[in-house]
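Coordinate analysis (summary)
Each chain, letter by letter, is given below.
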Amino acid sequence: MLQTVRSTRGMAVAPHSLAAQAAVDVLRAGGNAIEAMVAAASTIAVVYPHMNSIGGDGFWTISCPGKPVVAIEACGAAASSVSCDYYSAKGCATIPSRGPDSANTVAGTIGGWQAALDISKEWGGRLPLGRLLDNAIFYAEDGIAVTRSQSVTTAKKLAELKPLPGFADTFLINGKVPEAGERMRLPQLGKTLRALAEDGLDSFYRGRLAASIAKDLKALGSPVSAEDLAKYRATVRKPLVLEHSLGQVYNMTPPTQGLVSLIILGLLDRLDIKRFGPESAEYIHCVVEATKQAFMIRDNHITDLDYMKADPQSFLAPEHLDKLRAAIRMDKALPWGKGKGPADTVWMGVIDGEGRAVSFIQSIYHEYGSGLVLPETGLNWQNRGCSFSLDPQHINALLPNKKPFHTLNPALARLNDGRVMVYGTMGGDGQPQTQAAVFTRYAVYNETMQAAITAPRWLLGRTWGDDTDSLKLEGRFPEETRRKLEALGHEVEMVEDFDEIVGHAGGIARDSNGVFEGGSDPRSNGAVAGF
């Protein structure tokens, strides 16, 4: 059993140990939680490249004691030149998931770093950008140790990725899938990070880097233009908030499924789940049925915030949650539609010694995103825009300059007893379900953070590397739990004891006495770093 990590001055957690260490390195140097997160975000973009990239998107939820919680929407919109007709003219029934036409949205994560650092300055943040990117630059130039997760993912997706421009030269070694433990250098990415340190993050969109990025994207056939890059800026938002019996729980606004995560917790609060054991069929049934109710809201309402017809906060009103609760049957599993599919993502958390907390998620969508690697910058560009629909009547129909739906959502809670908690995971449909597992096991069942994350989990629907919509249970669940769930009508599929398809979760909590508690996921290459 992994033990919960505790410390008294600051803490970071990430699905790769080097990212967590980079964050604490900045905390030790006098940096705050936002500065530490930029160090972690840049580092993990190098050392965990199959899961995320600076050619992708990001979202932040940020808490500072005595101030309102804020969120940052750092997701890029569709290119101004794309539309349903753009793809129909090419004979596409759906948007391709790989290649130039899947790279159809602006990468927003760097803009999110800048928006966060602007907030950091209000906190007195003083560390130079070069200092925050130092670890990432070093690992890109000196080399990373390939993880088993990267090796396995690369092998699994090799047939569709190898033919794409730049992929083999960047992510294969001597034309072969790298084995776990091999050393991989990313020199072009290192040069790009150095350029950002020298010119500033804005250069990604409106400087010499932007000119290089736009030139490469055009040469490769992507519809994203220099003009699309130049008009992009991340947006600071007021996050969604759930009034829970244990405190306030925050998450990101649409186009993310942060609303889904909060609805699930609101329903579980009404279902009084504490009367059931945390590995019981009844507990899992409650979460799964709450998930189905939340997914119906997601599939019918969530899109780019500018295109939504209802206020997303209204779905968290007590009367609306009561209505959804009444639709849940404890004696029968209700049918549901299909999941949203994969999402290669990293979630990370940092809380500093002043109690300032950051929940952050950074993604490239599918494994290695579009698969395109820009030759001058070494950027692996995302394919988030392949989640758009080409049906003009669909809620997430493709339109020029519209933002695509995101499964990403970084969670944060301020509990009534004074604790602040950041938690999250990667994993498509699994993100809100794993968030529910971590929050309830820690805050409702009073398990330690590490126990809450290590405990066996489940997944209804699809996530990265998986394409079935069954209810998947890790093998460590009791046989009685499986039998009872099947008797309730769930289509149960057993998976490995510690299976990556249920996500790479993490969490940190800071008590009112200043003591930190953190847990990382044994299913990932992650770690908690504290001091």
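Not measured: the values here are computed from a predicted model.

Right, let's get into the overall build of the protein. Tallying secondary structure elements over the protein gives 19 helices and 19 strands in all. A compact globule built from 531 residues would reach a C-alpha radius of gyration of about 24 Å, and the protein, at 21 Å, matches this within 12%. In terms of overall dimensions, the protein has C-alpha extents of about 60 × 55 × 45 Å along its principal axes. Within the protein, the proportion of its 531 residues that are buried is 65%. Looking at the protein alone, contacts between residues at least 24 apart form 73% of all its contacts between residues at least 6 apart. When the 54 basic and 59 acidic side-chain charges of the protein are each reduced to a single mean position, those positions are 2 Å apart.

Let us look at unusual backbone geometry. Along the chain, Pro-254 connects to Pro-255 via a cis peptide bond; the corresponding omega equals 20 degrees. As for its position among the elements, Pro-255 is in the loop between strand E9 (247-251) and helix H14 (258-270). Within the chain, Tyr-365 stands out as a residue other than glycine whose phi angle is a positive 75 degrees. Along the chain, the position of Tyr-365 falls in strand E11 (residues 357-365). With a phi angle near 65 degrees, Asn-401 is a residue other than glycine that sits in the positive phi range. By the secondary structure assignment, Asn-401 is in the loop between E11 and strand E12 (411-415).

This part is about the pattern of salt bridges. Taken as a whole, this structure holds 29 salt bridges when the rule is applied. For the salt bridge of Glu-73 with Arg-237, the shortest nitrogen-to-oxygen distance reads 3.3 Å. Taken together, the residues Glu-73 in strand E4 (residues 70-74) and Arg-237 in strand E7 (residues 235-237) connect sequence positions 164 residues apart. Accessibility classification places Glu-73 together with Arg-237 in one group, the buried group. Across the salt bridge formed by Asp-322 and Arg-270, the nearest N and O atoms sit 2.7 Å from each other. Within this pair, whereas Asp-322 is found in helix H16 (residues 318-326), its partner Arg-270 is found in helix H14, the two being separated by 52 residues in sequence. The network of salt bridges with shared partners includes Arg-457, Glu-474, Arg-476, Asp-521 and Arg-523.

A separate point is helix H12 (residues 208-220). Over its 13 residues, H12 runs 19 Å from end to end, which matches the ideal 18 Å to within 8%, given 1.5 Å per residue. Within H12, burial applies to Leu-209, Ala-210, Ser-212, Ile-213, Ala-214, Asp-216, Leu-217 and Leu-220. Here the buried face of H12 lies against helix H10 (187-199), helix H11 (203-206) and helix H13 (226-230).

What follows covers the sheet that holds strand E18 (residues 516-520). Strands sit in the order E1-E18-E17-E13-E12-E9-E8 across an open sheet of seven strands; the sheet is antiparallel. Both outer strands of the open sheet, strand E1 (5-7) and strand E8 (240-244), are each paired with one neighbouring strand and no more. Across the sheet, the mean angle from the axis of one strand to that of its neighbour is 15 degrees, orientation sign disregarded. Two strands pair when backbone bridges link them, and E9 and E12 are joined in this way by four bridges, in the antiparallel orientation. Residue pairing for E12: Gly-247 is matched across the bridge by Leu-415. Against the sheet, H14 engages E8, E9 and strand E13 (420-424), with an angle of about 5 degrees to E8.

On to the sheet that holds strand E14 (residues 458-460), then. Working definition: the strands of a sheet are paired by backbone hydrogen bonds and lie parallel or antiparallel to each other. With respect to topology, three strands assemble into an open sheet ordered E14-E15-E16, the strand pairing being mixed. At either margin of the open sheet sits one strand with a lone partner, and together these are E14 and strand E16 (492-495). Averaged over neighbouring strand pairs, the angle between their axes works out to 20 degrees when direction is ignored. Where strand E15 (residues 471-474) and E16 come together, four bridges link them in parallel fashion. Bridging across to E16, Leu-471 finds its partner in Val-492. Contacts between helix H15 (residues 281-301) and the sheet are confined to E14 and E15, with E14 contributing the most and set at about 30 degrees to the helix. Each of E15 and E16 is contacted by helix H19 (residues 479-487), which is oriented at about 155 degrees to E16, the strand it contacts most.

Attention shifts here to the nonpolar core. With 99 residues, the main nonpolar core has Val-46, Trp-60, Trp-113 and Trp-381 as its most contacted residues. One finds Ile-264, Leu-268, Ala-437 and Ala-452 within the second-largest nonpolar core, a separate group that totals 56 residues.

Position of Ser-151 among the secondary structure elements: in helix H7 (residues 148-156). With near-sequence residues (within four places) excluded, Ser-151 lies in contact with Val-146, Val-177, Pro-178, Glu-179 and Ala-180.

Attention shifts here to the packing of aromatic side chains. Here the structure, examined in full by the defined rule, presents 12 aromatic pairs. Centre to centre, the rings of Tyr-86 and Tyr-87 are 4.8 Å apart; their planes meet at 75 degrees, and the pair counts as edge-to-face. The same class applies to Tyr-86 as to Tyr-87, namely buried. With centroids separated by 6.3 Å and ring planes inclined at 10 degrees, the aromatic side chains of Phe-204 and Trp-381 adopt a geometry described as stacked. In this pair, Phe-204 is assigned in helix H11 and Trp-381 in the loop between E11 and E12, connecting sequence segments 177 residues apart. You'll find Phe-204 and Trp-381 in the same group, each marked buried. One aromatic cluster is present, formed by Phe-204, Tyr-205, Tyr-232 and Trp-381 through successive ring pairs. Positioned above the aromatic ring of Tyr-307, the side-chain terminus of Lys-402 is 4.9 Å from the ring centre. Over the aromatic face of Phe-498 sits the side chain of Arg-476, whose NZ or CZ is 3.7 Å from the ring centroid.

Basis of the calculations
- Residues numbered from 1 in each chain as written.
- Predicted model: local features only at pLDDT ≥ 70, side-chain atom pairs only at ≥ 80, totals over all residues.
- Heavy atoms only, no water.
- Helix = DSSP H or I, 4+ residues; strand = E, 2+ residues; numbered from the N terminus.
- Rg over C-alpha atoms; globule rule 2.2 N^0.38 Å.
- Buried < 20%, exposed > 50% of the residue type's maximum accessible area, 1.4 Å probe, protein only.
- Contact = heavy atoms within 4.5 Å.
- Lys, Arg positive; Asp, Glu negative; His and termini not counted.
- Charge placed at Lys NZ, Arg CZ, Asp CG, Glu CD.
- Salt bridge = Lys/Arg side-chain N within 4 Å of Asp/Glu carboxyl O.
- Expected span 1.5 Å × (residues − 1).
- Pairing = 2+ DSSP bridges.
- Axes fitted to C-alpha atoms, helices over the stretch in contact; angles between N-to-C directions.
- Core = buried A, V, L, I, M, F, W, Y, C linked by side-chain atoms within 4.5 Å.
- Phe/Tyr/Trp six-rings, centres within 6.5 Å; stacked < 30°, edge-to-face > 60°.
- Lys NZ or Arg CZ within 6 Å of the ring centre and 35° of its normal.

Interpretation note: all reported values are geometric properties and have no functional meaning in isolation.
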